[in-house]
Amino acid sequence: MAIELRDWQETDCTALAQIADDPQIAEQLRDTFPSPYTEEDALFFINLARRTTDDRGWLYAITKDGAVIGGISLTFGQDVYQRSAELGYWVGRAEWGHGTASEAVRQICDKAFRETDVIRIEAETLTTNPGSIRVLEKNLFIREGYFCQRVCKNGRLLDSILFACFK
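The structure displayed is predicted, hence computed values, not measured ones.

Peer 1: Could you give an account of the environment of Ile69, naming the residues involved and the relevant values?
Peer 2: Locating Ile69 in the fold gives a position in strand β3 (residues 67-76). In the structure, Ile69 is positioned 22 residues away from Asn47 in sequence and 18 Å away in space, judged by C-alpha atoms. If sequence neighbours within four positions are ignored, Ile69 has contacts with Ile3, Ile19, Ile62, Thr63, Lys64, Trp90, Val91, Gly92, Glu95 and Thr100.

Peer 1: Now, about helix α3 (residues 39-52): what can you tell me, with residues and values included?
Peer 2: Its 14 residues give α3 an end-to-end C-alpha distance of 20 Å, which sits within 8% of 20 Å, the value for a rise of 1.5 Å per residue. Residues of α3 that are buried: Ala42, Ile46 and Ala49. For α3, the buried positions fall inside an angular range of 65 degrees around the axis, keeping them on one side. Among the exposed residues of α3, those oriented more than 90 degrees off its buried face are Glu40, Phe44 and Arg51.

Peer 1: How would you explain unusual backbone geometry if you had to name every residue and give the values?
Peer 2: Residues Ser35 and Pro36 are joined by a peptide bond in cis, for which omega reads 5 degrees. Looking at the secondary structure, you find Pro36 in the loop between α2 (23-26) and α3. Although it is not a glycine, Asp65 sits at a positive phi angle of roughly 50 degrees. Within the fold, Asp65 resides in the loop between β2 (57-64) and β3. Phi is positive for Asn154, which is not a glycine, with a value near 50 degrees.

Thresholds, definitions, all that
Residues numbered from 1 in each chain as written. Predicted model: local features only at pLDDT ≥ 70, side-chain atom pairs only at ≥ 80, totals over all residues. Heavy atoms only, no water. Helix = DSSP H or I, 4+ residues; strand = E, 2+ residues; numbered from the N terminus. Contact = heavy atoms within 4.5 Å. Expected span 1.5 Å × (residues − 1). Buried < 20%, exposed > 50% of the residue type's maximum accessible area, 1.4 Å probe, protein only. Arc of directions from axis to C-beta.

Encoded structure:
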């Protein structure tokens, strides 16, 4: 299994729409991740990602043996948060439980610590997402905080956990 991170390409549009059009994925992400996820949504995102990937943040496709299977991002902090970054990621349901997201997170964190002056990477996940919690724990993220009723998703108040790893 060859997991790689690469820039998004317009040719990824159909694959992205097919993989991302899963309510169980959208259920665990911010509301900016649409559901249903159409090819128009995929094209909008890919164009945004191609303009955004720079010194303010990285938005990459996660690929397995060359095929798109998910997405990962790192948003670099500004002002007093300039040495921190926020991590986000998702993979298609076929990849859940196979170590794919764990490997993608390892790769982007290694790249950030190697190529930037970031010393802290944080990620927040819902308590209803044990798979994501495991991904972060496998990458030696530590639990820094538990937030009660912090997230309102689909009309429900949910708890979340803040994790961080350090250079």
